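Observations on the model geometry
Below, each chain spelled out in residue letters.
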Amino acid sequence: MPRARNPTARPPGSARANGAPWPVTRERIRTLAHNLWWSWNPAARRLFESMDPTLWRANSHNPIATLNNLSSSRAQTLSSDPDFLSALAAAEHALEAYLASKTWFSSRKRQLTAYFCMEFGIHESLPLYAGGLGILAGDHIKSASDLGVPLVGVGILWKFGYYRQELTKLGETRVVYPAPDFSQLPIESTGKFISLPVGRQTVRCRIWRLTVGRVPVFLLDSDLPTNSPTARALTHHLYRGGDPDYRIRQEILLGIGGMHALDALGLSPTVYHLNEGHAAFAPLERLRRLVAGGKRFGHALNEVRRRSVFTTHTPVPEGNDRFDPALVMKYLGRMPNQMRLNASEFLAFGREDQTDQKESFCMTVLALRLSARSNGVSRLHAETSRRMWKRVFAAARAEEVPIGSVTNGVHPESWIADEARPFYDLYFKPRWNGADPEDDWWKGVGRVPKEELWTLRQTLRKRMISWLRQRSADEATAFNFEEKYAARLLAEVCATLDENALTIGFARRFATYKRAPLIFTDPKRLARLVRNTDRPVQFVFAGKAHPQDRGGQEFVRTLHEFSLTPEFRGRVLLIQNYDMHVGRMLTSGCDVWLNNPVRPMEASGTSGMKSPLNLGINCSILDGWWPEAFNRKNGWVIGGKQFADRKRQDRYDADALYATLEDQVIPLFYRRDRRGVPGAWCRMMAESMRSVCAEFSSHRMVADYARRFYAGAK
Ligand SMILES: *Cc1c(COP(=O)(O)O)cnc(C)c1O
C-alpha cells in the first residue's frame, strides 16, 4: 500500500494524536468526512485517498465507505503513521480556519434564504443529482458557504438517486439502481420528523442534515417502515419519468414538505429561492397559511411574492412540469377551500390563460405568479423565457415580461484539477478562503510564459488519458460477462488513444436537443479528420439519457456503434456512467470543449465554464452562456444562422462544425514553433481562462443573487 504523502505543513498539536488508539483516529476521520468542505479541499481529499487509494477509487471517492472497508492491518498502520496523523491534524485545522474566517457577506444583513431544489450535486459519492440543475445547486451551496451568505438548502434524500448507466455490448442503455447504503453517506439525522398529508395519505418523513462548509442542506426521506409502500417509494427515484401521479407527490413533498421541515427545525427564512419550478408548491403553502391565518388574500399574495425568488432553467417543454387539473385536485383538493378560492380560481395560478378551464396546471407558471423576482440563467435564456411566458403576464410585448437574468457560474475550487494546483499556486497565488466575488485570480494569466501554459495543458491531457485507461481496466475486472466484453473493448480503445493528439470532449446529459451525435452527420468527413496521421484528432464522449428518453438512448447507441467501427476505433471514445468525477476529468483533460445544442434550447450550460479553469477552449453554438463570453479571441462559434426546419438546421450546423474544426481549430493546434509549442493556441487558452473564469464563477453568481434578490426582500 502506498504511504500517505508528506504533508508540507505540520500545525502545532499534530503530535498529540501520535499513538492514539485506532477508534479515536477513526472518529476524527469520520467527523472530518461529515463536512463536505473536504470535497473542494485537495489536501483533505488526498488525506482520505491515502487511507487506501484502491478502496477510494472503488467507492466513488467516498471517505466513509473507504474508512469502513479498511483492512485492520491498514488501520493499524495508519493509526501509528506520523505523516498520516499530521495530515489529518492539518486538515482538521484547515476546516476550523475555514469556518472561523471572515467572509464577504459577514458584515451584511443576516437574513436567511431557504434554497429549494429537487437535486443537489455536491460530490460524486453522494448520488443526489441527475445533471446540470443539481450541479448548479451544489455549486450555489458551496459558494454561499465560501461567501458567508446565510442560506439553507432544502431537498430530498434520494434512496436510489438517479440511475447508473450500464451499456450492453450493443450500446443499449441498462438502467441500474445500485443498492443504497445510507450508513456510508455523510448525513446526520436531525432527530426531527414531519407528517405531511398527501391526498388521503399521511406521509411521515425524517429530516436529515448534510453539512456543506457553513451551509446545512436539509433532506427529506419518506422511506420509513411506518409509511405505506407507496409513501415509502416517494423518495426512491429522482426523475423516474412517465408517472405524473408519482411526480406530483414528489413535488408536494419538496415544496409543502420542505415548508413543514423548516418549521420543524425552527427556521423562518426571509427569502425562499425556488431553483426550478419543482418546488413551486412551497409559496402556495405559504399563501394558504397566511390566508387561513386571517390575512386578506391580496395582502397575503403580495407578501408571498415579495419573499420568493424563482429561477427557471429550461425552455424545453418537458422540463416545465404540467399536471392534469384533476390530478392537482386529487392531491391538493383541500387547499382552495382553506384559501377561500373556488377550484378554478385556485387552478388559475398554474395556468397561462387563467380563464381556460381546460388548460393544464404548470409548475413554472405557478412559480412565476408567486414570485416577485424571476430570472433565467443567461441573458439569452431570459430573453427566450420572456417570449415564452408572455401570456402569464398578459404582456403585449416580450420586453414587458418581468423575467430578469442571473447567468450561471461554476465553483472554481470544485472544478480545478489537482494537477493544476501547483500552477495556480505559482502564478495566481489564490487565497480562496475569505474570497470576494470580485477576486479575479485569473487576470494575470497573460503574463505566464506560453511554454508553461503548454506544459500544464499536456499534463492534464495525459493524466486524463491514463485515468481513462485505469478506469477501463477497473471495469474489465469488476463486471459480469457482457459488461466485461464491453469493458475489454473499451480497454483496447483506450490503449490506442494518443497522448499528444488534439482531444475534443463532449459530456452532458443526452437530451436530444443537445445533439450528441451531430459530429457524425457526415462520417466520411469526420473520418478524414480523425485518421489524419500528421494532425490527429480524437473525441471523448460521456452522457446519460433520461430513463424514459428513447431518443436520447438512441443517441448513446449511435455513438457506441461509431466508436467501435474501424474508422473511429481508438479515435472516438464513449465513457459509461457520466458523473461529477467523469465531468471533472473530461472538462480538465480535453483541449477543446464541444457544445452543439439547438439554439436557443440550452438555457445556460455550465460544463463549458469548467474547461477554461483548466486551460480548455470552448467551441460552441452561440447559445446559453456563450454569447456573453465569446469575444473572438477566447474560442470558436459554430455557425450562426437559424432555420425553422430542424433537419436543415442540423445539416447547416454540422457543416459549420466541420468547417470550424478543419479551418480553425485543428490548424491552430498544430501550428508549432521550433520547440513544439503552439504559440497562437497558447494565447487563446490564456484568453479563454482570463475572460471566463472569474465572470462565470458561482461566487459571482451567488453574489448577484445575494445583492439583487436576497438582500432586497423584507
Ligand atoms: C457540469 C455538469 C453538467 C452540466 O453540463 P451542461 O454543460 O450544463 O450540460 C451535468 N452533469 C455533470 C456531471 C456535470 O459535471
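Here, the structure is the one placed above.
Right, let's walk through the structure included here. Note that the structure is a prediction, hence the values are computed from the model and not measured.

For the rest of this paragraph, the subject is the site of the ligand. Of all residues adjacent to the ligand, which total 13 residues, the nearest are K514, Y578, T606, S607 and K610. K610 places a polar side-chain atom, nitrogen or oxygen, 2.6 Å from an oxygen atom of the ligand. Across the complex, the protein chains shield 96% of the 390 Å² of accessible surface that the ligand would expose by itself. When residues of the shell around the ligand are traced back to their parent elements, those giving at least two are α7 (132-147) and α24 (607-610). Tallied by class, the residues present in the shell around the ligand amount to four nonpolar, five polar and four charged. Counting residues domain by domain, the shell around the ligand receives three or more from each of domain 2 (113-408 + 703-710) and domain 3 (450-696).

Another point: empty space enclosed by the protein. Think of a ball as big as a water molecule: rolled over the atoms, this probe shows where empty space is left. Within this structure, the stated rule accounts for three cavities of 30 Å³ or more. If you add up the space inside the second largest cavity, you get close to 80 Å³. Taken together, P412, W432, A435, D436, P437, D439, W441, W442, A694, S697 and H699 make up the lining of the second largest cavity. Counted by class, the lining of the second largest cavity contains seven nonpolar, two polar and two charged residues.

The buried count for strand β18 (residues 617-621) comes to five of five residues, which makes it a mostly enclosed element. Pairing of strand β17 (residues 592-595) with β18 involves four bridges; the strand directions are parallel. Within the sheet, the bridge partner assigned to V592 lies in β18 and is I617.

The side-chain alternation of β17 yields two buried faces, one formed by V592 and L594 and the other by W593 and N595. For strand β14 (residues 502-507) and β17, the ladder comprises two bridges, and the chain directions are parallel. When the bridges of β17 are listed, I504 appears paired with V592.

Our next topic: the sheet that holds strand β12 (residues 373-376). The strand order β5-β6-β7-β2-β1-β8-β9-β12-β13 describes an open sheet built from nine strands, whose pairing is mixed. One side of each edge strand has no neighbouring strand; the edge strands of this open sheet are β5 (187-198) and β13 (403-405). Strand-to-strand twist across the sheet, computed as the mean angle between neighbouring axes with direction ignored, equals 25°. Helix α9 (residues 244-264) contacts β1 (113-116), β2 (151-156), β5, β6 (201-212), β7 (215-221) and β8 (271-275) of the sheet and is inclined by roughly 120° relative to β5.

This next bit is on the environment of A382. Among the structural elements, A382 can be located in helix α16 (residues 379-388). Given the relative accessible area of 1%, A382 is considered buried. Sequence spacing of A382 and T311 is 71 residues, and the spatial spacing of their C-alpha atoms is 10.0 Å. Look past the residues within four positions of A382 in its chain and what remains in contact with it is G376, I403, G404 and S405.

Moving on to helix α12 (residues 325-332). Taken together, the buried positions of α12 are occupied by P325, L327, V328, Y331 and L332. Looking straight down α12, one finds its buried side chains confined to an arc of 160°; they lie on one side.

Conventions adopted
- Residues numbered from 1 in each chain as written.
- Predicted model: local features only at pLDDT ≥ 70, side-chain atom pairs only at ≥ 80, totals over all residues.
- Heavy atoms only, no water.
- Near = heavy atom within 4 Å.
- Polar contact = N/O pair within 3.5 Å; in protein donor to acceptor, adjacent residues only side chain to side chain.
- Areas by Shrake-Rupley, 256 points an atom, 1.4 Å probe, with all protein chains shown as cover.
- Helix = DSSP H or I, 4+ residues; strand = E, 2+ residues; numbered from the N terminus.
- Nonpolar A, V, L, I, M, F, W, Y, C, P; charged D, E, K, R; others polar.
- Domains from an automatic or database assignment.
- 1 Å grid on protein atoms, 1.4 Å probe; cavity = no way out; pocket = protein on both sides within 12 Å on 5 of 7 lines; lining within 4 Å.
- Points joined across faces, edges and corners; volume = space filled by probe spheres on them.
- Buried < 20%, exposed > 50% of the residue type's maximum accessible area, 1.4 Å probe, protein only.
- Pairing = 2+ DSSP bridges.
- Axes fitted to C-alpha atoms, helices over the stretch in contact; angles between N-to-C directions.
- Contact = heavy atoms within 4.5 Å.
- Arc of directions from axis to C-beta.

Structural measurements only, silent on function.
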